[in-house]
Amino acid sequence: MRSLATYTFPIFFDEWGLYVKNICDAWDNKGDTIIGNDVWIGYETVIMSGVKIGDGAIIGTCAVVTKDVPTYTIVGGVPARAIRKRFDDATIEKLEALQWWNWDYKNIKRNIYAIQSGNIEALDMAV
Ligand SMILES: CC(C)(COP(=O)(O)OP(=O)(O)OC[C@H]1O[C@@H](n2cnc3c(N)ncnc32)[C@H](O)[C@@H]1OP(=O)(O)O)[C@@H](O)C(=O)NCCC(=O)NCCS
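So, how was this worked out
Residues numbered from 1 in each chain as written. Predicted model: local features only at pLDDT ≥ 70, side-chain atom pairs only at ≥ 80, totals over all residues. Heavy atoms only, no water. Near = heavy atom within 4 Å. Polar contact = N/O pair within 3.5 Å; in protein donor to acceptor, adjacent residues only side chain to side chain. Areas by Shrake-Rupley, 256 points an atom, 1.4 Å probe, with all protein chains shown as cover. Helix = DSSP H or I, 4+ residues; strand = E, 2+ residues; numbered from the N terminus. Pairing = 2+ DSSP bridges. Buried < 20%, exposed > 50% of the residue type's maximum accessible area, 1.4 Å probe, protein only. Patch = residues over 30% accessible without salt bridge, like charges linked within 9 Å, V, L, I, M, F, W, Y side chains within 5 Å. Salt bridge = Lys/Arg side-chain N within 4 Å of Asp/Glu carboxyl O. Lys, Arg positive; Asp, Glu negative; His and termini not counted. Charge placed at Lys NZ, Arg CZ, Asp CG, Glu CD. Contact = heavy atoms within 4.5 Å.

A.B. asks: I tried to follow the site of the ligand on my own but got confused; where do I start?
C.D. replies: Close contacts around the ligand come from Trp40, Ile41, Gly42, Tyr43, Ile58, Gly60, Thr61, Ile74, Gly76, Gly77, Ile83 and Arg84, and that covers them all. The backbone of Tyr43 places a nitrogen or oxygen atom 2.6 Å from an oxygen atom of the ligand. Interatomic distance of 3.5 Å between a backbone N/O atom of Gly77 and a nitrogen atom of the ligand. If the ligand stood free it would expose 900 Å²; the protein chains cover 42% of that surface. Going through the elements one at a time, strand 2 (40-41), strand 7 (73-76) and strand 8 (81-85) are the ones with two or more residues in the shell around the ligand.

A.B. asks: Explain the sheet that holds strand 5 (residues 58-59) here, please?
C.D. replies: Across a sheet, strands are paired by hydrogen bonds formed along the backbone, either parallel or antiparallel in direction. In space, the 4 strands of this open sheet follow the order 2-5-7-8, with mixed pairing throughout. What marks the edges here is a single partner per strand, and that holds for strand 2 and strand 8. Across 2 bridges, strand 5 lies against strand 7 in parallel orientation. In the sheet register, Ile59 faces strand 7, and the bridge partner there is Val75.

A.B. asks: How should I be thinking about the pairing of strand 7 in this particular structure?
C.D. replies: A regular strand places its side chains so that they alternate between the two faces of the sheet. Along strand 7, one buried face is formed by Thr73 and Val75 and the opposite face, lined by Ile74 and Gly76, is buried too. Examined bridge by bridge, strand 7 and strand 8 share 4 bridges and lie antiparallel to one another. When the bridges of strand 8 are listed, Ile74 appears paired with Arg84. Hairpin connection, strand 7 to strand 8: the antiparallel pair is bridged by 4 residues, and Gly77 has positive phi, about 100°.

A.B. asks: So what exactly am I meant to see when it comes to a negative patch on the surface here?
C.D. replies: Together, Asp88, Asp89, Glu93 and Glu96 make up a region of like negative charge exposed at the surface. The class of Glu96 is partly exposed, set by a relative accessible area of 34%.

A.B. asks: I'm lost on the pattern of salt bridges in this one. Help?
C.D. replies: Following the criterion strictly, the structure yields 2 salt bridges and no others. Lys94 is the partner of Glu121 in a salt bridge, and the nearest nitrogen-oxygen pair spans 3.4 Å. Of this pair, Glu121 sits in the segment after helix 3 (112-117) while Lys94 sits in helix 1 (residues 89-98); the two residues are 27 residues apart in sequence, bridging distant segments of the chain. Of the charged contacts in the structure, one is a salt bridge between Asp124 and Arg110, with a shortest N-O distance of 3.0 Å.

A.B. asks: For this particular structure, what's the right way to read the environment of Asp28?
C.D. replies: Along the chain, Asp28 turns up in the segment before strand 1 (34-35). Asp28 gets classed as partly exposed once you look at its relative accessible area, which sits at 32%. Sequence spacing of Asp28 and Met1 is 27 residues, and the spatial spacing of their C-alpha atoms is 6.0 Å. Among residues more than four places away in sequence, those in contact with Asp28 are Met1 and Arg2.

A.B. asks: How do you make sense of the environment of Gln99 when you look at a structure like this?
C.D. replies: Note that Gln99 resides in the loop between helix 1 and helix 2 (105-110). Between the alpha carbons of Gln99 and Val78 there is a distance of 30 Å; along the sequence they are 21 residues apart.

Structure follows, in structure tokens:
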């Protein structure tokens, strides 16, 4: 926080003669918060600006996420720390390559039981 005040001057830009397009300059801005695919964000989680959440990550309820979260990692707490990986490294590597969320509807439907039961070997990749 570089600003000498926490007061929300930019919200009342008209009153203070500020230019509305510069509203983001009033506070430090660490950039976009980027949420990957197939991410589960638990109830009442806070994710800070500039944080990138990897594909398949799970954010435990009430976490405050201040740092990037790697793919397929479960994090929780304040500040959020890694609890565990969702799968072994080989499975995570396969899932990262498969990107099932980009499949067409029919392909997902055909594989839905394998996806839901966590059975990566049973996935039917026939087009
Ligand atoms: C994180 C979560 C997915 C559980 O994952 P899990 O791997 O099954 O976790 P476990 O229950 O086996 O707990 C593993 C460890 O993480 C801790 N933990 C679990 N949930 C946590 C949370 N939200 N914040 C911090 N720590 C948590 C447990 O205390 C345990 O710690 P220990 O190993 O020191 O005993 C679950 O707790 C959660 O937060 N789910 C989201 C619920 C929700 O928000 N539902 C509303 C709909 S979105």
